[in-house]
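# Coordinates in review
Residues per chain are reported as follows:
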Amino acid sequence: MPNEPVLKAFKHIRVPVMTVDAAGKISHSNAAADSLFGYDQSMMGLTVAQVIDVQSVAALNSYIHPPEIDANIQLIMGKTSAGAEVPLAIHLTAWSDEDGLQHAMILRNLTEIVKKEKTTSIELKRANTAINSAQIGVFEYFPIEDRAVVSGMWRKLMELDRADPVDTQVEWRSRVHLDDLSNALEAVRLCVDGEQEKATSEYRLLSKDGNEWRWMQVSVAGITKNNAGQITSVIGSMSDISKRKEFEFSLRDSNEQFRSAFENSPIGHVIFGIDGRWWRVNAALCEALGYSKEDIVHKSAADLTHPESMQRSSEQFARLGRGEIDNYVEDRGYIRSDGSTMWAKVTVSLVRDTSGRPNHILCQVMDLTEQRRLNAMKGEFVATISHELRTPLTSVLGSIQLIRALKDENLSDKVQRLLSIAHQNGDRLYALINDILDFEKFSVNQMDLSLDSYDVISQTKDAMLANTHIADSFNVQYQLISDIEDAFGKIDPRRFQQVMNNLLTNAAKFAYPNTEIAIRVDDLGDYHKVSVTNQGEGVPHAFRDQIFSPFSQAKEADTRSRGGTGLGLAISKQIVELSGGEIGFDSIVADKTSFWFTVSKEPSPGHKPVNHTNSIPKPMTGRKRTTF
């Protein structure tokens, strides 16, 4: 009876408790202990070996070392009623009475703690793997003892074997660049002195063989203090940042080169924000516009743009800012500080950030004012000379034609030959003057075309007929091949004839004698394609890139004997492109060469008559070839 209150208290304690008698059986267990091992009823009568990983009472008692009467078992495995293992910590107490050696156990379930320790162990293992993979050396410095402990990776970075008998601090100090030593120690000092909780520094470290300086970075944190508030240790890391520093130096050099090129360039340069505000402008543009840098950055681009250029410039700039285009080139007028106009070729490029979004705009401004003035002077000079030459030349040619027409006049063969030579040279000079005038008009954008709907096939026949004498002089024959009866397109008849004359003349000049020159008109959907193909030497590969350039001729000595100004194809290209088409060529050396151009389709004018000079009647239905 005296023990009855104690037993009641024993059973109601929430901490798992049980007792074991001298025979090794559980003499008492409370509800918390029964629940721990998964029993619905009391475990009294079970042997301790059934629930604890001990073989006997003696084995259990061996955890207590006399003269002590109790012991703490840090980790021992228990077994539930279902046979599952459960990790336990046990406070074990022993005593003896009339029934022999008795034991009491206060139990603690370690399942959650073991799980956490296992997770922590895994995380530490992962962290260690990550640190080693990243080649980060770890060290711990103890300032009171002036002692350091380093990791294996720290030694590897220092190129030291684990067996090397060196003082790591002395070795490290001896290899840090003298100019960087104070900076290298600064990160540790800041943390040890309590000025900062974290600190970083960079320095140069000499390789073990003494041949190379490597850049290292040390980061210090993990401060530990004792009860007195003294800092007893700091943990830090060391990593090789040589590649990063190399990139930084390269980037710094690149930025300096860009800055120097930007500032010292004789061509104007501007950097704009996407909102159109000036970020940076160089001296060349300021000088060209007559403003100081301080004045120009307070003006908007609109304040400096000539009214004639405003609309197009604003539209293009807006498209660039929205990211619709990445660059564009245009001629633009600017207003100088004195009110005069500066004309420039402006190249504008969009610069995107790393995510691909528009970041800023780079603009190059090349002053063309003087060039425009000289071009205008040249144009006026050429036009004046050409007109001054054409007027008397027309009279001379007329006179020669009149003399040649005098059949009753008895002219010797020598005189007739001289008149013929004079007439041919006069025609060539007249054609040259006309070509120069046309080219000059295109150069200054003063050429106007009268575009309307005309029958391309009929116009092609007109050109073939007009150039029959050219074909005869080179002993070739023109042949029209077409699968369509009529093909209405948007053309200027006079300029169309000019293009055809150039292509037909060139084809005849460079064709093999006694061959046919094929002229085709094909339907390409939205366009008609006109092509002129001859059989001859072809276009040399070295000349193909310049063939549409003004005054360009292949095999100069040979082409002189065939005549030509070198402007025909350049003018033809301008006419075709202004008409909305394209022009090009395909050539096989010593075989066939085909020059072609396209004409935009245009509906038939219907009742509107098509008036063509010297037009040829349409061929009969089904006729596919026309030969001149």
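Quick caveat: nothing in here was measured; it's all calculated off a predicted structure. (Residues numbered from 1 in each chain as written. Predicted model: local features only at pLDDT ≥ 70, side-chain atom pairs only at ≥ 80, totals over all residues. Heavy atoms only, no water.)

Let us look at the pattern of salt bridges. Within the structure shown, the criterion is met by 28 salt bridges. Of the charged contacts in the structure, one is a salt bridge between R175 and E171, with a shortest N-O distance of 3.0 Å. Of this pair, R175 and E171 both sit in helix α6 (residues 168–175), separated by four residues, roughly a single helical turn. Across the salt bridge formed by K245 and E202, the nearest N and O atoms sit 3.1 Å from each other. Taken as a pair, K245 in helix α8 (residues 242–264) and E202 in strand β8 (residues 199–206) lie far apart in primary sequence, 43 residues in all. The class for K245 is buried, based on a relative accessible area of 8%. Judged by its relative accessible area of 24%, E202 is partly exposed. Bridged by salt links that share partners, the residues E159, E171, R175, R214 and D240 form one connected network. (Salt bridge = Lys/Arg side-chain N within 4 Å of Asp/Glu carboxyl O. Helix = DSSP H or I, 4+ residues; strand = E, 2+ residues; numbered from the N terminus. Buried < 20%, exposed > 50% of the residue type's maximum accessible area, 1.4 Å probe, protein only.)

Time to look at the packing of helix α17 (residues 493–509) against helix α19 (residues 568–578). The contact between α17 and α19 brings their axes to 9 Å, and the two run at 145°. Our pair here, α17 against α19, has a crossing hand that is left-handed. Taking contact as the criterion, the partners of R495, Q498, V499, N502, L503 and N506 in α17 are, on α19, G568, L569, I571, S572, I575 and V576. (Axes fitted to C-alpha atoms, helices over the stretch in contact; angles between N-to-C directions. Left-handed = near helix turned anticlockwise from the far one by under 90°. Contact = heavy atoms within 4.5 Å.)

It is worth spelling out the sheet that holds strand β1 (residues 17–20) at this point. Across a sheet, paired strands are connected by hydrogen bonds in the backbone, their directions being either parallel or antiparallel. What the five strands build is an open sheet, ordered β2-β1-β5-β4-β3; its pairing is antiparallel. Bordering the open sheet on either side are β2 (26–29) and β3 (70–79), each of which pairs with just one other strand. Across the sheet, the mean angle separating the axes of adjacent strands is 30° when strand polarity is ignored. (Pairing = 2+ DSSP bridges.)

Time to look at the sheet that holds strand β7 (residues 147–150). Strand order in the open sheet formed by five strands is β7-β6-β10-β9-β8, with antiparallel pairing between adjacent strands. Strand pairing shows two members of the sheet lacking a second neighbour, β7 and β8, which therefore form its edges. The sheet shows a mean angle of 25° between the axes of neighbouring strands, taken without regard to direction. Where helix α7 (residues 181–192) meets the sheet, its contacts fall on β6 (136–142), β8, β9 (213–225) and β10 (231–240), and the angle it forms with β8 comes to roughly 150°. Against the sheet, α8 makes contact with β8, β9 and β10, and its axis sits at roughly 120° relative to β9, the strand it touches most.

Counted according to the given criterion, the structure contains nine aromatic pairs. Ring pairs connect the aromatic residues F272, W278 and F317, which therefore count as one cluster. In this structure, R147 is placed above the aromatic ring of F142, and the distance from its NZ or CZ to the ring centre is 4.2 Å. Just above the ring of W215 sits the side chain of K245; from NZ or CZ to the centre is 4.6 Å. (Phe/Tyr/Trp six-rings, centres within 6.5 Å; stacked < 30°, edge-to-face > 60°. Lys NZ or Arg CZ within 6 Å of the ring centre and 35° of its normal.)

All right, on to α17 then. Residues separated by three or four positions in an α-helix point in the same direction, a consequence of the helix having 3.6 residues per turn. Over its 17 residues, α17 extends 24 Å from the first C-alpha to the last, a length consistent with the 24 Å expected when each residue adds 1.5 Å. Of all the 17 residues making up α17, 14 are buried; the element is thus mostly covered by neighbouring parts of the structure. (Expected span 1.5 Å × (residues − 1).)

Before going further, it helps to examine the nonpolar core. Within the largest apolar cluster, 42 residues are counted, with the highest numbers of intra-cluster contacts made by Y478, M500, I517, I519 and F597. For this core, the element with the highest residue contribution is α17, accounting for seven residues. Sequence-distant contacts of M500, defined by excluding residues within four places in its chain, comprise T460, A463, I519, V530, V532 and F597. By size, the runner-up hydrophobic cluster in this structure holds 25 residues, among which are L46, V48, V57 and I64. (Core = buried A, V, L, I, M, F, W, Y, C linked by side-chain atoms within 4.5 Å.)

A cluster of nonpolar side chains, contributed by I13, V15 and I106, occupies part of the molecular surface with about 220 Å² of accessible area. Mapped onto the secondary structure, I106 falls in strand β5 (residues 100–109). (Patch = residues over 30% accessible without salt bridge, like charges linked within 9 Å, V, L, I, M, F, W, Y side chains within 5 Å. Areas by Shrake-Rupley, 256 points an atom, 1.4 Å probe, with all protein chains shown as cover.)

Our focus in this paragraph is the environment of Y478. With respect to the element layout, Y478 can be found in strand β17 (residues 477–482). Owing to a relative accessible area of 0%, Y478 belongs among the buried residues under this scheme. Sequence spacing of Y478 and V532 is 54 residues, and the spatial spacing of their C-alpha atoms is 9.3 Å. In terms of polar contacts, Y478 uses its side chain to reach the backbone carbonyl oxygen of L504, at 3.1 Å. (Polar contact = N/O pair within 3.5 Å; in protein donor to acceptor, adjacent residues only side chain to side chain.)

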